[in-house]
Amino acid sequence: MLPGHEPTTPFGRRPLSLGMMAAQAAAKACPDDAVGHKWRIFRDVTEAKDHLAVSDRALAVLSALLTFHPETALSPGSPLVVFPSNRELSLRSHGPSPATLRRALAQLVAAGLVIRRDSPNGKRYARRDGAGAIARAFGFDLTPLVARAGEFAALARAVRAAARRRLLLREEIALHRRDLSKILALAAESGWPGPWAALADRFAACGGMPGRTAGEPHLYAAAEPLRALRREVDKWLPSLANATEMVGTASHGERHHQNSDPDPADDSERCPRRGPAGAARSDVAPAPGQPRPLPAPVPSSLPSPLPLPMVLEACPDVVLYARDGIRSWSDLAGAAEVVRPALGIGPDVWEAALAAMGRDHALAALSAILQRAESIGAPGAYLRDLTRKARSGRFSAWPMLFALWRQRRRASSDGPSGPLRVAEVDRGQHARPLGGGAARASTFC
């Protein structure tokens, strides 16, 4: 290094500022054995650019300045002054205009990221010694990047932590809004007892989803009323589910025991014999002196309608059997035409279920049977039993859906090792029949 005074003030009309003096003081205090990886430092500076008040264009210029230093490691013990011409610096900065380049350099100097080491005439150049090594250079000193590397790393960690908190808050808000909207819509459609109208008004008062640029305080303010509303809704769901179970299962005088024989052909053998008119009649003979009982009448009014989103949420396996997804009951009916033969359910059993239950409840029952296929030995016989209950007005798909819905909810809270499994579908072929084995089918709670 040639002896001489090291420049500390800018050339021309540029004034000296306190920020420049602070950057020079930090550069002088940096120990000679300090080492920093220039691209890691640049990444930290990029993440903390809002705190450092530098623009994207200024970061592009800083990246170009770093490319003029031949080494990846920055150390104050070696020359850290780069002296590119404006033309070369502009080319490596993706071609900004001269005015934009000057503004970007001024931002870097004001933020204390680089120090101007201007020559007497303001030009950037280097003087070399007799051996050809650089003895003195005039340009931009990169020493502040090494001196403040720890500060930049801490700022970057704080920015990443704040971004993660915002992400988690946005996820929480989105999940609360989705769950509350579907539960409240189901309550409105089904006429559940409880303060559901007031809860729906509170949900509407919570407003929409915050914008993507919303800050952390705004997200906290949006999440808190949704948390309180979700706690209030969860207080009513268990009692409502229990009440629905009691209504749906009060008619089950005995527990249904299903034959676990996996052969679907046996289902036709277990069908009740039909008379000349095609009506089903009981295999049990009436007591002496008693008239033969008439066939059970089909109820005149069908059960309450089912919301399709709840059916798909409780029975997601049926979606795998739809070619283009399920967006309506007609799409679900198309998927049922694939599911029915896959489960070994004959067309006569399915037509009887449609006539007794109605289309929506029959499709919901078939979707629930598919969801529980591994524990139901003979799906055809199981659906036939549900059809007999529907003819006598003792069947509703609500308890089945609630049981599966609660099971999926528990499984999602337990993690991916929950008890639910997705049905397997052969690639390019129809779905394989599910179920079988020696498993016993348990009734829906």
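Conventions we followed
Residues numbered from 1 in each chain as written. Predicted model: local features only at pLDDT ≥ 70, side-chain atom pairs only at ≥ 80, totals over all residues. Heavy atoms only, no water. Core = buried A, V, L, I, M, F, W, Y, C linked by side-chain atoms within 4.5 Å. Buried < 20%, exposed > 50% of the residue type's maximum accessible area, 1.4 Å probe, protein only. Helix = DSSP H or I, 4+ residues; strand = E, 2+ residues; numbered from the N terminus. Salt bridge = Lys/Arg side-chain N within 4 Å of Asp/Glu carboxyl O. Axes fitted to C-alpha atoms, helices over the stretch in contact; angles between N-to-C directions. Parallel < 35°, antiparallel > 145°, perpendicular 65-115°, else oblique. Left-handed = near helix turned anticlockwise from the far one by under 90°. Contact = heavy atoms within 4.5 Å. pLDDT = per-residue confidence, 0-100. Phe/Tyr/Trp six-rings, centres within 6.5 Å; stacked < 30°, edge-to-face > 60°.

(A) Spatial organisation of the nonpolar core. The biggest cluster of nonpolar side chains holds 65 residues, and the ones touching the most others in it are Trp196 and Met357. In terms of residue count, the dominant contributor to this core is helix α15 (residues 359-371) (eight residues). Counting residues in hydrophobic clusters, the runner-up holds 32 residues, among them Ala48, Val54, Val61 and Val109.

(B) Layout of the pattern of salt bridges. Throughout the structure, instances matching the rule amount to 16 salt bridges. Two residues, Glu88 and Arg87, come together in a salt bridge whose shortest N-O distance is 3.6 Å. Its salt-bridge partner being Glu151, residue Arg148 comes within 2.9 Å of it at the nearest N-O pair. Given a relative accessible area of 38%, Glu151 falls into the partly exposed group. Connected via shared salt-bridge partners are Arg178, Asp179, Arg230 and Asp234.

(C) Summary view of the environment of Val114. Relative to the helices and strands, Val114 resides in the loop between α6 (98-110) and β4 (115-117). Under the relative-accessibility criterion, Val114 is labelled buried at 1%.

(D) Quick peek at the packing of helix α13 (residues 329-342) against α15. It is at 10 Å that the axes of α13 and α15 come closest, and there the two elements cross at 50°. Between α13 and α15, the angle falls in the class oblique. In this structure, the crossing between α13 and α15 has a hand that is left-handed. For the pair formed by α13 and α15, the contact residues are Trp329, Ser330, Leu332, Ala333, Ala336, Val339 and Arg340 on the first element and Arg359, Asp360, Leu363, Leu366, Ser367 and Leu370 on the second.

(E) Broad picture of the confidence of the model for the protein chain. Mean pLDDT over the protein chain: 76, with 71% of residues reaching 70 or higher. Residue range residues 244-302 is modelled with pLDDT below 50. Its contacts to residues more than four positions away, or to other chains, number 78 contacts. Here residues 416-445 is a poorly scored stretch, pLDDT under 50, and it has 76 contacts once near neighbours within four places are set aside; other chains count.

(F) Spotlight on the packing of aromatic side chains. Scanning the entire structure with this criterion turns up five aromatic pairs. A centroid spacing of 5.6 Å and a plane angle of 65° characterise the contact between Trp192 and Trp196, whose relative ring orientation is edge-to-face. According to the relative accessible area criterion, Trp192 is buried, its value standing at 12%. When the centroid spacing of 6.2 Å and the interplanar angle of 35° are considered together, the rings of Trp398 and Phe402 count as tilted.

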